[in-house]
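Next come the chains, spelled out residue by residue.
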Amino acid sequence: RSIIQEMLLSKATTAIIAHNHPSGICAPSTSDVNATQQILKLMSSINTTLIDHIIIAGNDYFSFASNEKFRACFSYDSSCVFTDYRNKKRTEAEK
């Protein structure tokens, strides 16, 4: 909510969000993926654009927009990519 509130207050049309993983592992968690999907949908509903969501871990980082699995999410086709990612993660966990 605070991201959307800040965007509305500042009249921004685009945003890049970032957070850190103190664990030193920059791979996105399921919570990161779900939050990114929600933010993309909310921003779309107010006609704004999420350019990227970056996770910083030590000297490494993960960019959703630059990652092959998520790149399409930032081309406004998020539902199938996020669903595929979650299904793939579940399938790998079942093995």
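Cut-offs used in this document
- Residues numbered from 1 in each chain as written.
- Predicted model: local features only at pLDDT ≥ 70, side-chain atom pairs only at ≥ 80, totals over all residues.
- Heavy atoms only, no water.
- Phe/Tyr/Trp six-rings, centres within 6.5 Å; stacked < 30°, edge-to-face > 60°.
- Buried < 20%, exposed > 50% of the residue type's maximum accessible area, 1.4 Å probe, protein only.
- Helix = DSSP H or I, 4+ residues; strand = E, 2+ residues; numbered from the N terminus.
- Pairing = 2+ DSSP bridges.
- pLDDT = per-residue confidence, 0-100.
- Contact = heavy atoms within 4.5 Å.
- Right-handed = clockwise from strand over helix to strand, strands pointing away.

### A look at the packing of aromatic side chains
Considering all chains together, one arrives at 3 aromatic pairs under this definition. When the centroid spacing of 5.2 Å and the interplanar angle of 90° are considered together, the rings of Phe-62 and Phe-64 count as edge-to-face. Owing to a relative accessible area of 0%, Phe-64 belongs among the buried residues under this scheme. Between Phe-62 and Phe-70, the aromatic rings sit 6.1 Å apart at their centres with planes inclined by 80°, giving edge-to-face as the arrangement. Since its relative accessible area comes to 11%, Phe-62 is described here as buried.

### Brief notes about the environment of Ser-66
Its location among the elements puts Ser-66 in the loop between β3 (60–63) and α3 (78–94). As a C-alpha pair, Ser-66 and His-53 span 13 residues in sequence and 9.6 Å in three-dimensional space.

### Brief notes about the pairing of β3
For strand β2 (residues 49–57) and β3, the ladder comprises 4 bridges, and the chain directions are antiparallel. Counted as the bridge partner of Ile-56 is Tyr-61 from β3. Counting the residues in the hairpin turn of β2 and β3 gives 2 residues, including Gly-58, whose phi is positive at 60°.

### So, the confidence of the model for the protein
Here the protein averages 80 in pLDDT, while 77% of its residues score no lower than 70. Looking over the protein, one finds the lowest element-wise mean pLDDT in α3, namely 41, and the highest in β3, namely 95. Between residues 77–81, whose pLDDT stays under 50, and residues either more than four places distant or in other chains, the model counts 9 contacts.

### Examining the environment of Asp-60
Note that Asp-60 resides in strand β3. Residue classification places Asp-60 among the partly exposed positions, given a relative accessible area of 41%. The contacts of Asp-60, once residues within four sequence positions are left out, are Cys-26 and Ile-55.

### A closer look at unusual backbone geometry
Trans is the prevailing form of peptide bonds, just as negative phi is the prevailing case for residues other than glycine. Positive phi outside glycine occurs at Lys-11, with the angle close to 60°. Given the relative accessible area of 72%, Lys-11 is considered exposed.

### Quick notes on the pairing of β2
Pairing of strand β1 (residues 14–20) with β2, which is carried by 7 bridges, proceeds in the parallel orientation. Within the sheet, the bridge partner assigned to Ala-15 lies in β2 and is Leu-50. Taken together, β1, helix α2 (residues 30–45) and β2 form a β-α-β motif whose crossover is right-handed.

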